[in-house]
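Structural overview
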Amino acid sequence: MPLRCLSELARRRPDRAVDAMRVGLRCLMSTCPSTKATDDSQRLYATSSCANVPEVAPSEAPLSDMLVDSFGRFHNYLRISLTERCNLRCQYCMPAQGVQLTPNSELLSHDEIIRVAGLFVTSGVDKIRLTGGEPTIRKDIEDICLHLSGLKGLKTLAMTTNGLVLSKKLPRLKECGLNALNISLDTLVPAKFEFMTRRKGHSRVMESIDASIQLGFQSVKVNCVVMRGMNDDEICDFVEMTRDKPVNVRFIEFMPFDGNVWNVKKLVPYAEMMDKVRQRFKGVERLQDHPSETAKNFKIDGHAGTISFITSMTEHFCAGCNRLRLLADGNLKVCLFGPSEVSLREPIRAGVDDAGLREIISAAVDLALPAPEAIVPLDS
């Protein structure tokens, strides 16, 4: 699904290519870590929800200013892509023939991942999510989890996965410190699953969901990307899943990115999805959302689980965004839909020490702006 693969695919537009190494080193050379950018030009625009950026809650006070951007957002959530590879070929996510992959020599090694993650955690990151591609196909996934979970200050180690080979790995992953899961599943119909993913495996994904519940993971979420004419007729079926299963089903608006032939006609807006749910189910109640939450959360009377809606297209949530993305090639991306990336791999391999890496990270985070596609004047 997009939240699993977009980290790698959304950036493959040639017209947005940047020399990430040059950007990273330029930041290191020209930015003073103790001085945060105050250029008025950076504050003239914001997304519709960035006009009123919430203050950092006292319980989330940053350990350093490295993770605070020019809008005052504290980024304490790091998504780490472990690989560009995937064992599915979802029609809305990847071409049938796959994508051009970065050579293995240009991907972050196990030790480089742990080193960079350690820098973020000691600066205030308390949640790490492992993504891909498909993270479970990385051979050292268990060892990576073991080392990450041992980082002092990290509270949550999560993974987003398609669940295809997850069930057999779950016991060991849990032993290694993984404690939260997002499993992608866009249909409850096996034949439709095969059509949408170009692969078999629906039953194995369902087994992974059940195994996650049985093993007692503190959070089990099911991510469903809703597309008109494809699976929008299954919304209530997914809600029904929460009656007996203590899972959080998250309905995600279909998002555009290079390679998925996005069409606005395929978009099913949050309001329309919500109407379908309310027409079928009684006792739908809104839950209190955390300020940095990307989803709108609901519970339903008599249901063991909950449902949520991620409204990326119709109701932006940039104001509360607390996420950073470390791509498999070592590039740091501060906004999923933004064009900028800063290389951390090249400075690491050039011998830059931890203090230098912190300066590069701080400069990248400080200069973060909302995605150009979403920018509107503050007074609009």
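Up top you'll find the structure we're talking about.
Residues numbered from 1 in each chain as written. Predicted model: local features only at pLDDT ≥ 70, side-chain atom pairs only at ≥ 80, totals over all residues. Heavy atoms only, no water.

1. Things to note about the pattern of salt bridges
- On inspection of all chains with the given rule, the structure shows 18 salt bridges.
- One salt bridge connects Lys-276 with Asp-232, and the closest N-O pair in it is separated by 3.8 Å. On the criterion of sequence distance, the pair formed by Lys-276 in helix H9 (residues 270-280) and Asp-232 in the loop between strand E6 (219-226) and helix H8 (235-244) is long-range, its members being 44 residues apart.
- Judged by its relative accessible area of 13%, Asp-232 is buried.
- A salt bridge links Asp-289 to Arg-286; its shortest N-O distance comes to 2.5 Å.
- You can call Arg-286 partly exposed: its relative accessible area is 41%. (Salt bridge = Lys/Arg side-chain N within 4 Å of Asp/Glu carboxyl O. Helix = DSSP H or I, 4+ residues; strand = E, 2+ residues; numbered from the N terminus. Buried < 20%, exposed > 50% of the residue type's maximum accessible area, 1.4 Å probe, protein only.)

2. Quick notes on the sheet that holds strand E4 (residues 156-161)
- The 12 strands lie next to each other as E8-E9-E10-E7-E6-E5-E4-E3-E2-E11-E12-E13, forming an open sheet whose pairing is mixed. A strand with exactly one partner marks an edge of an open sheet, and here the two such strands are strand E8 (284-286) and strand E13 (342-343).
- Pairing of strand E3 (residues 127-131) with E4 involves four bridges; the strand directions are parallel. Bridge pairing links Leu-130 to Met-159 in E4. (Pairing = 2+ DSSP bridges.)

3. Considerations on the packing of aromatic side chains
- Enumeration over the complete set of coordinates arrives at four aromatic pairs.
- Among the aromatic residues, those joined into a ring-pair cluster are Phe-238, Phe-251, Tyr-270, Phe-298 and Phe-309.
- Of note, Lys-127 hangs over the ring of Tyr-77, and the distance from its end group to the ring centre comes to 4.5 Å.
- Sitting over the face of the ring of Tyr-270, Lys-296 holds its NZ or CZ atom 5.4 Å from the ring centroid. (Phe/Tyr/Trp six-rings, centres within 6.5 Å; stacked < 30°, edge-to-face > 60°. Lys NZ or Arg CZ within 6 Å of the ring centre and 35° of its normal.)

4. As for the side chain of Arg-345
- Along the polypeptide, Arg-345 turns up in helix H10 (residues 345-349).
- Look at Arg-345 and you get buried, because its relative accessible area is 10%.
- Here Asp-329 takes part through its backbone oxygen, which lies 2.7 Å from a polar atom of the side chain of Arg-345. (Polar contact = N/O pair within 3.5 Å; in protein donor to acceptor, adjacent residues only side chain to side chain.)

5. Description of the packing of helix H3 (residues 110-122) against helix H11 (residues 354-366)
- Contact geometry for H3 and H11: axes closest at 11 Å, N-to-C directions at 70°. By the angle class used here, H3 and H11 are roughly perpendicular. Considering only the axes of H3 and H11, their crossing is right-handed. Between H3 and H11, the residues in contact are Arg-115, Leu-119, Phe-120 and Thr-122 and Asp-354, Leu-357, Arg-358 and Ile-361, respectively.
- Residue composition of the contact of H3 with H11, grouped by class: four nonpolar, one polar and three charged. (Axes fitted to C-alpha atoms, helices over the stretch in contact; angles between N-to-C directions. Parallel < 35°, antiparallel > 145°, perpendicular 65-115°, else oblique. Left-handed = near helix turned anticlockwise from the far one by under 90°. Contact = heavy atoms within 4.5 Å. Nonpolar A, V, L, I, M, F, W, Y, C, P; charged D, E, K, R; others polar.)

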